[in-house]
Each structure stands twice: as structure tokens, then as C-alpha cells.
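Here are the chains, one letter per residue:
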Amino acid sequence: PAPPNGARFPSRTSRNSPPDARPPLRFPAHGAATTMCGIAGALGLFDGDVVDALGRSARAMAHRGPDGFGAWTSSPVAAEPRAHFEHRRLSILDLSTAASQPMRHTASGVVVCFNGEIYNFRELRLELEREGATFRTSSDTEVLLESYVR
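The following paragraphs examine the structure supplied in this document. Residues take numbers from 1 onward in each chain, read along the sequence in its written order. Local features in this predicted model are restricted to residues whose pLDDT is 70 or higher, and side-chain atom pairs enter the listing and the counts only when it is 80 or higher, whereas totals over whole chains, interfaces and linings include all residues. Only heavy atoms go into the side-chain values, all of them from the structure, while hydrogens and water stay out.

Formed by Ala99, Met103, Val112, Phe114, Ile118, Phe121, Leu128, Ala133, Phe135, Val143 and Leu145, the largest nonpolar core amounts to 11 residues. Secondary structure counts use DSSP, requiring at least four H or I residues in a row for a helix and at least two E residues in a row for a strand, with both numbered from the N terminus. Of all the elements in the fold, those that place two or more residues in this core are α2 (121-130) and α3 (140-149). Nonpolar core, defined: a set of buried Ala, Val, Leu, Ile, Met, Phe, Trp, Tyr and Cys residues in which side-chain atoms within 4.5 Å join the residues together. Each residue is placed in one exposure class: buried if its accessible area under a 1.4 Å probe, protein chains only, is under 20% of its type's maximum, exposed if it is over 50%, and partly exposed if it falls in between.

Structure (C-alpha cells):
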């Protein structure tokens, strides 16, 4: 039988999530409940002070992404509009460093900084492979990136 009100996890909620949200994930290696990666970013005109503040923010989120850290800046020139992202990684699907973020698509240069899970990424990956795509990771992030580029 379907849960009441269409909730997928009616008896498994956290204090910060609606009744149909997924429960916090627990990983023995991390020793605590962890629900998501951490992302900090800025868009526009900003100087090194903002980049430093984003670095401090990412370090403060280390508990959210204990498996890795990455940063990306679209341009080193502070006098032009740019983007800067910092990412704390919680490895779930692909534990290799090849799936680290921010992730860059080699051919196009497109960069993604992603937090989430694509539940049907395996089916999407097969479809993309039939269209000629090749993958270097087993992550859903790379499937998202390849889908966007196409």
C-alpha cells in the first residue's frame, strides 16, 4: 500500500526536512549522520577577500563533505565578472578521486558543482553511451555534466 499523502518515507524524517524527504545517511567510516555535500560560491565582481571567505566557509563545512575538497575559479582576474566555487565531497556512488568536484567536462570546459543524487543516472548513462558518450567515472555527477553538454 502507498504511504499516506504520497510520502515516500513517512516514518523517517529529520528535524529539517519535510515528511517525504529521505532520512539522513549514516556511514560507519564517517561516524555520524551526513546528509549532503557542502558547496560555497560567489558570482560577479569580487576580490581575494571573497575567495578567502569562501575557503573558510568550505573548511567550516568539512563535516558535511569529509571525503574530499575542490575549488574552481572561472578567471583569476578580479576586475572581470567571474565565478568561484568550493566543494566538500561526501562520496557515495563513486569513491574514486576521479569523481571529485567541481568536475570539468574536458571537451567543452563546462564545470559543475553538484549536490544531490540522480536516481535514474544508470539508465541515463546507458542512453548517453548509446549516443557515443564515454565516461571516466561511475558517478551521477559526470552523467549530469555529459547530459548538460549535449
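From this point, things continue past the structure.
By definition, a salt bridge exists where a carboxyl oxygen of Asp or Glu is found within 4 Å of a side-chain nitrogen of Lys or Arg. Applying the stated criterion across every chain yields a total of three salt bridges. Close ionic contact of arginine 125 with glutamate 129 constitutes a salt bridge, the shortest N to O distance being 3.2 Å. Taken together, the positions of arginine 125 and glutamate 129, both in helix α2 and four residues apart, correspond to about one turn of that helix. Exposure remark for arginine 125: the relative accessible area of 18% places this residue in the buried category. Overall, glutamate 129 belongs to the partly exposed group, its relative accessible area being 33%.

Another point: the packing of α2 against α3. Helix packing for two helices is described by the angle between their axes and how far apart those axes are. Contact geometry of α2 with α3 gives a least axis separation of 10 Å together with a crossing angle of 45°. By the angle between their axes, α2 is oblique relative to α3. Handedness of the crossing formed by α2 with α3: left-handed. Taken together, the residues of α3 that come into contact with α2 (itself represented by Phe121, Leu124, Arg125 and Leu128) are Asp140, Val143, Glu146 and Ser147. A per-class count over the contact of α2 with α3 returns four nonpolar, one polar and three charged. Angular values range over 0 to 180 degrees, each being the angle between N-to-C directions of two axes fitted as lines to C-alpha atoms, with helices fitted over their stretch in contact. Roughly parallel means an angle under 35 degrees; roughly antiparallel means over 145; roughly perpendicular covers 65 to 115; every other angle is labelled oblique. Crossings are classed by handedness, with left-handed meaning an anticlockwise turn of the near helix from the far one by less than a right angle and right-handed meaning a clockwise turn. Pairs of residues are marked as contacts when any of their non-hydrogen atoms sit within 4.5 Å. Under this grouping Gly is polar, as are all residues other than the nonpolar Ala, Val, Leu, Ile, Met, Phe, Trp, Tyr, Cys and Pro and the charged Asp, Glu, Lys and Arg.

By this rule, a helix spans an expected 1.5 Å times one less than how many residues it contains. Taking 1.5 Å per residue, 13 residues should reach 18 Å; helix α1 (residues 48-60) reaches 18 Å between its end C-alpha atoms and fits that length. Residues of α1 that are buried: Leu54, Gly55 and Ala58. The buried residues of α1 all sit within an arc of 105° when viewed along its axis, so they share a single face. Relative to its buried face, α1 has exposed residues pointing more than 90 degrees away, namely Asp49, Arg59 and Ala60. Here the arc refers to the set of directions running from the helix axis out to each C-beta atom.

Attention now moves to the environment of valine 51. Within the secondary structure, valine 51 is located in helix α1. Separated by 11 residues in sequence, valine 51 and alanine 40 have C-alpha atoms that sit 9.9 Å apart. Those residues within four positions of valine 51 in sequence are excluded, and the remaining contacts are Phe46, Arg82, His84 and Glu86.

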